[in-house]
Amino acid sequence: MRIIKAKDYDAASKACANLIFAQVVTKPDSVLGLATGSTPIGTYEHLVRLYEAGDLDFSQVHSVNLDEYKGLDGDNDQSYRYFMNEHLFSKVNINKEWTNVPNGLEPDADKACSDYEAIIASLGGIDLQLLGLGPNGHIGFNEPCDEFVKLTHCVDLTESTIEANSRFFSSKDEVPTKAYTMGIKTIMDAKKIVLIATGRNKAETVKKAFFGPITPNVPASILQLHPDCTVVLDADAASLI
Ligand code: GLP
């Protein structure tokens, strides 16, 4: 595992965007695994700038997002599909038909999850997976639990995640309680992983996840076993390591 300590949020975002840039330049038809949350917004801004400068071409890229709220339509402004359209897909030359997010409107959870695994397999797997870090150590929506769940599955969000994500909704009651998420094996099968975590509120989790024992109680800790994982931090998130 490599750790990049950047001085602040902008420098961390730039470093993270540069890793994705390098991936697409060296393999223009990359399959990018993408993430939502507030942390990667700066990364997407830098990618858009690289595209606008004519330095980055997404025309051959396919993407698969980590997760989606169950029950939300892609047109709902709190859905992760909407987030991706807003922050990246509508601003670069990616083929929208080649962008994939779990289908939040599929009521049959088994079908939604197996369909998503089939999409990832049909693309030949993920070349680079971008991750954020939940305050409780979750990746995607793999919440702390007693065992790692391997494949895309439906999760009951924990109270703390509902609380943390309620800042994006008008009230906590509106936060969906379930989500579809790639599983730990789905994520670990990516050839490269880049995780970005910034801010003082992530420092304790960063220490536990990357310097503590590997345990499903801190899902991100599994990344210690990945052969090509880069963790990008700002000074605040790196302050306890
Ligand atoms: C959500 C997403 C995660 C993300 C996490 C952290 O729960 N499912 O993929 O990493 O939020 O979000 P933030 O970056 O806003 O702290």
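For the structure given in this document, a descriptive report is provided here. (Residues numbered from 1 in each chain as written. Predicted model: local features only at pLDDT ≥ 70, side-chain atom pairs only at ≥ 80, totals over all residues. Heavy atoms only, no water.)

1. Regarding the sheet that holds strand 10 (residues 229-233)
How we decide: Strands are treated as partners if at least two bridges between them are detected by DSSP. Working definition: helices are DSSP H or I runs of at least four residues, strands are E runs of at least two. Numbering for both runs from the N terminus.
In spatial order, the strands read 1-10-9-6-2-3-5; together these seven strands make up an open sheet with parallel pairing. The sheet is open, and its two edges are formed by strand 1 (2-5) and strand 5 (99-100), each paired on a single side. Pairing of strand 3 (residues 62-65) with strand 5 involves two bridges; the strand directions are parallel. When the bridges of strand 5 are listed, Val64 appears paired with Asn100.

2. A word on the pattern of salt bridges
The cut-off we apply is this: Whenever Lys or Arg places a side-chain nitrogen within 4 Å of a carboxyl oxygen from Asp or Glu, that contact is recorded as a salt bridge.
What the rule picks out here adds up to ten salt bridges. Among the salt bridges present, the one from Asp29 reaches Lys27, with a minimum N-O distance of 3.8 Å. Among the salt bridges present, the one from Lys192 reaches Asp228, with a minimum N-O distance of 3.8 Å. With Lys192 in strand 9 (residues 192-197) and Asp228 in the loop between helix 7 (203-211) and strand 10, this residue pair connects regions lying 36 residues apart in the sequence. Residues participating in the shared-partner salt-bridge network are Lys27, Asp29, Asp127 and Lys191.

3. A few points about the site of the ligand
Keep this limit in mind: Consider each residue's heavy atoms; a residue with any of them within 4 Å of a molecule or strand counts as near. Think of a polar contact as two N or O atoms within 3.5 Å of one another; within protein, one of them needs to be a possible hydrogen donor and the other a possible acceptor, and neighboring residues in sequence only count if both atoms come from side chains. We get accessible surface area from the Shrake-Rupley algorithm with a probe of 1.4 Å; when it comes to residues, only the shown protein chains can shield them. A cavity here means a set of 1 Å grid points, computed over protein atoms only, where a 1.4 Å probe fits but cannot escape. A pocket is an open set with protein on both sides within 12 Å along at least 5 of 7 lines, and lining residues have an atom within 4 Å of a point. Each molecule is checked against the cavity or pocket grid, and it sits inside if more than half of its atoms lie within 2 Å of the grid points.
Around the ligand sit 14 residues, and of these Ser38, Thr39, Asp67, Arg167 and Lys202 come closest. One of the side-chain nitrogen or oxygen atoms of Asn165 is found 3.3 Å away from an oxygen atom of the ligand. For the ligand, the accessible surface in isolation is 390 Å², of which the surrounding protein chains cover 96%. For the ligand, the cavity whose grid points lie within 2 Å of the majority of its atoms is the largest pocket.

4. Some thoughts on helix 4 (residues 109-122)
Operational definition: What a helix should span is 1.5 Å times the count of its residues minus one. Using a 1.4 Å probe on the protein chains alone, a residue whose accessible area is under 20% of its type maximum counts as buried, one over 50% counts as exposed, and one in between counts as partly exposed. The arc in question is the one spanned by the directions pointing from the helix axis to the C-beta atoms. Throughout, a residue-residue contact means that at least one pair of heavy atoms, one from each residue, lies within 4.5 Å.
The end-to-end C-alpha separation of helix 4 is 20 Å, in line with the 20 Å expected for 14 residues at 1.5 Å each. Every buried residue of helix 4 is accounted for by Ala112, Cys113, Tyr116, Glu117 and Ile120. Each buried residue of helix 4 sits inside an arc of 130° when the element is viewed along its axis, so together they form one side. Looking at helix 4, the residues exposed on the side facing more than 90 degrees away from the buried face are Asp110, Ala121 and Ser122. Packing partners of the buried residues in helix 4 comprise strand 3, strand 5, strand 7 (153-156), strand 8 (178-181) and helix 6 (184-188). Trailing helix 4 by a residue or two, Gly124 shows a phi angle of about 85°, which is positive.

5. What about the environment of Ala121?
Its place among the elements puts Ala121 in helix 4. The exposure class of Ala121 is exposed, given its relative accessible area of 57%. Sequence separation between Ala121 and Thr186 is 65 residues, and the spatial gap between their C-alpha atoms is 9.8 Å.

6. Quick word on the nonpolar core
For clarity, the cut-off: The set of buried Ala, Val, Leu, Ile, Met, Phe, Trp, Tyr and Cys residues whose side-chain atoms join them within 4.5 Å is what this entry labels a nonpolar core.
Core analysis: the largest hydrophobic core is formed by 57 residues, its most contacted members being Leu47, Leu88, Ile139, Leu195 and Leu223. Beyond its immediate stretch of four places on either side in the chain, Leu88 contacts Leu34, Tyr44, Leu47 and Val48. With ten residues, the next largest nonpolar core counts Tyr80, Val155, Val175 and Ala179 among its residues.

7. Description of helix 2 (residues 41-52)
With twelve residues, helix 2 ought to run about 16 Å at 1.5 Å a step, and its terminal C-alpha atoms sit 17 Å apart, in line with that. Of the residues making up helix 2, those classed as buried are Gly42, Thr43, Tyr44, His46, Leu47, Val48 and Leu50. In the core, the buried residues of helix 2 are packed alongside helix 1 (9-26), strand 2 (31-34), helix 3 (80-87), strand 6 (128-131) and strand 9.

Take it as geometry only, folks, not as evidence of what the structure does.
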